[in-house]
Amino acid sequence: MSREVADPSSLPLPELRAERDQLRAEEDAVSFVRRLAQGRVDLVDAVRHRRQSGESGSIADIIRSGVGPAPSTGSARPPRDTEVAADHPLVTEFDELCDRLGFDDMPGLDDAGLDRLHAGLVDFEARQSTRRRALFDRIDALTAELVRRYRDGGASVDSLLES
């Protein structure tokens, strides 16, 4: 969101809706890679724990055992169907990060390698969380403006049927 952000009240209704739709799609991708990063951090933590405790087993064993935090209760926002393409730039960036840090060879990483992998994943997740919060702030501002226009008569529900 490096572009200049217009005041939602200054946007024509079609632009207001289009920007909100575009930001929602962007948020979908950010949330998707953020969840991937969180899952991989959990796997790295489980591998570290197994090493420290002397347990053996593969990553598949870790996944089957359900090691890690309890499932999230999720966001207060209602769920939406989303589709994020495997070649989306954020997915590609995340895959390249994992390749660089040796995620696919995690069992072969020494402790320092696991530490680098963990730190890289945590950093990536934190950056996506910050980005996601900024997207939500803008989406909320756009939604509030849409609600205001419907409430005050500046837009009508009939206009939704025309698009």
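Note that the coordinates shown come from a computational prediction; the quantities given were computed from them, not determined experimentally.

## Focus: the overall build of the chain
Right, so step 1: Scanning the chain from N- to C-terminus turns up 5 helices and 0 strands.
Right, so step 2: Listing the helices and strands of the chain from first to last along the sequence gives α-α-α-α-α.
Right, so step 3: Restricting the contact set of the chain to residue pairs at least 6 apart, pairs at least 24 apart contribute 75%.
Right, so step 4: If you sum the accessible surface of the chain, you get close to 10200 Å²; carbon and sulfur atoms cover 53% of it.

## Section: the packing of aromatic side chains
The description of an aromatic ring pair rests on the distance of the ring centres and on the angle between the ring planes.
Right, so step 1: The final tally for this structure, using the stated rule, is 1 aromatic pair.
Right, so step 2: For the pair Phe94 and Phe124, a centre-to-centre distance of 5.1 Å together with 40 degrees between the ring planes defines the contact as tilted. Taken together, the positions of Phe94 in helix α3 (residues 89-101) and Phe124 in helix α4 (residues 111-152) put the pair 30 residues apart, joining distant regions of the chain.
Right, so step 3: Among the residues examined, Phe94 registers a relative accessible area of 0% and is labelled buried.

## Some points on the pattern of salt bridges
Right, so step 1: Tallied over the full model, the rule gives 14 salt bridges.
Right, so step 2: Between Arg138 and Glu19 there is a salt bridge whose closest N-O contact spans 2.8 Å. Here Arg138 is found in helix α4, whereas its partner Glu19 is found in helix α1 (residues 13-53), with 119 residues between them in sequence.
Right, so step 3: The partner of Glu145 in a salt bridge is Arg148, and the shortest N-O contact between them spans 2.6 Å. Taken as a pair, Glu145 and Arg148 lie in helix α4 at a separation of 3 residues, close to a single helical turn.
Right, so step 4: On the basis of relative accessible area, Glu145 is assigned to the buried category, the value being 8%.
Right, so step 5: Note on Arg148: relative accessible area 32%, which makes it partly exposed.
Right, so step 6: Among the ionic contacts, a cluster of salt bridges with common partners joins Glu145, Arg148, Arg149, Arg151 and Asp152.

## Some words on the packing of α3 against α4
Right, so step 1: At their nearest, the axes of α3 and α4 sit 9 Å apart, and the two run at 160 degrees to each other. Taken together, the axes of α3 and α4 lie roughly antiparallel to each other. For α3 against α4, the interelement crossing comes out right-handed. Contacts between α3 and α4 pair Leu90, Glu93, Phe94, Leu97, Cys98 and Leu101 from the former with Arg116, Leu117, Gly120, Leu121, Phe124, Arg127, Gln128 and Arg131 from the latter.
Right, so step 2: Considering only residue class, the contact of α3 with α4 consists of 8 nonpolar, 2 polar and 4 charged.

## A look at the side chain of Arg132
Right, so step 1: Inspection of the secondary structure puts Arg132 in helix α4.
Right, so step 2: You can call Arg132 buried: its relative accessible area is 17%.
Right, so step 3: Among the polar contacts made by the side chain of Arg132, one reaches the side chain of Glu27 at a distance of 3.2 Å.

## Some words on the nonpolar core
Right, so step 1: Formed by 32 residues in total, the largest nonpolar core has its most connected members in Phe94, Met106, Leu117 and Leu121.
Right, so step 2: Every element with two or more residues in this core is listed here: α1, α3 and α4.
Right, so step 3: It is α1 that contributes the most residues to this core, 12 residues altogether.
Right, so step 4: Discounting residues that sit within four places of it in the chain, Leu117 has contacts with Val44, Leu101, Phe103, Met106 and Leu109.

## Focus: the packing of α1 against α3
Right, so step 1: Running from N to C, α1 and α3 point in directions that differ by 20 degrees, and their axes come no closer than 9 Å. Between α1 and α3, the angle is such that the two are roughly parallel. As for the relative orientation of α1 and α3, their crossing is right-handed in sense. On the side of α1, the interface is formed by Ala29, Val30, Phe32, Val33, Leu36, Ala37 and Arg40, while α3 contributes Leu90, Val91, Phe94 and Cys98.

What counts as what
Residues numbered from 1 in each chain as written. Predicted model: local features only at pLDDT ≥ 70, side-chain atom pairs only at ≥ 80, totals over all residues. Heavy atoms only, no water. Helix = DSSP H or I, 4+ residues; strand = E, 2+ residues; numbered from the N terminus. Contact = heavy atoms within 4.5 Å. Areas by Shrake-Rupley, 256 points an atom, 1.4 Å probe, with all protein chains shown as cover. Phe/Tyr/Trp six-rings, centres within 6.5 Å; stacked < 30°, edge-to-face > 60°. Buried < 20%, exposed > 50% of the residue type's maximum accessible area, 1.4 Å probe, protein only. Salt bridge = Lys/Arg side-chain N within 4 Å of Asp/Glu carboxyl O. Axes fitted to C-alpha atoms, helices over the stretch in contact; angles between N-to-C directions. Parallel < 35°, antiparallel > 145°, perpendicular 65-115°, else oblique. Left-handed = near helix turned anticlockwise from the far one by under 90°. Nonpolar A, V, L, I, M, F, W, Y, C, P; charged D, E, K, R; others polar. Polar contact = N/O pair within 3.5 Å; in protein donor to acceptor, adjacent residues only side chain to side chain. Core = buried A, V, L, I, M, F, W, Y, C linked by side-chain atoms within 4.5 Å.

In short, shape yes, function no, at least from these values alone.
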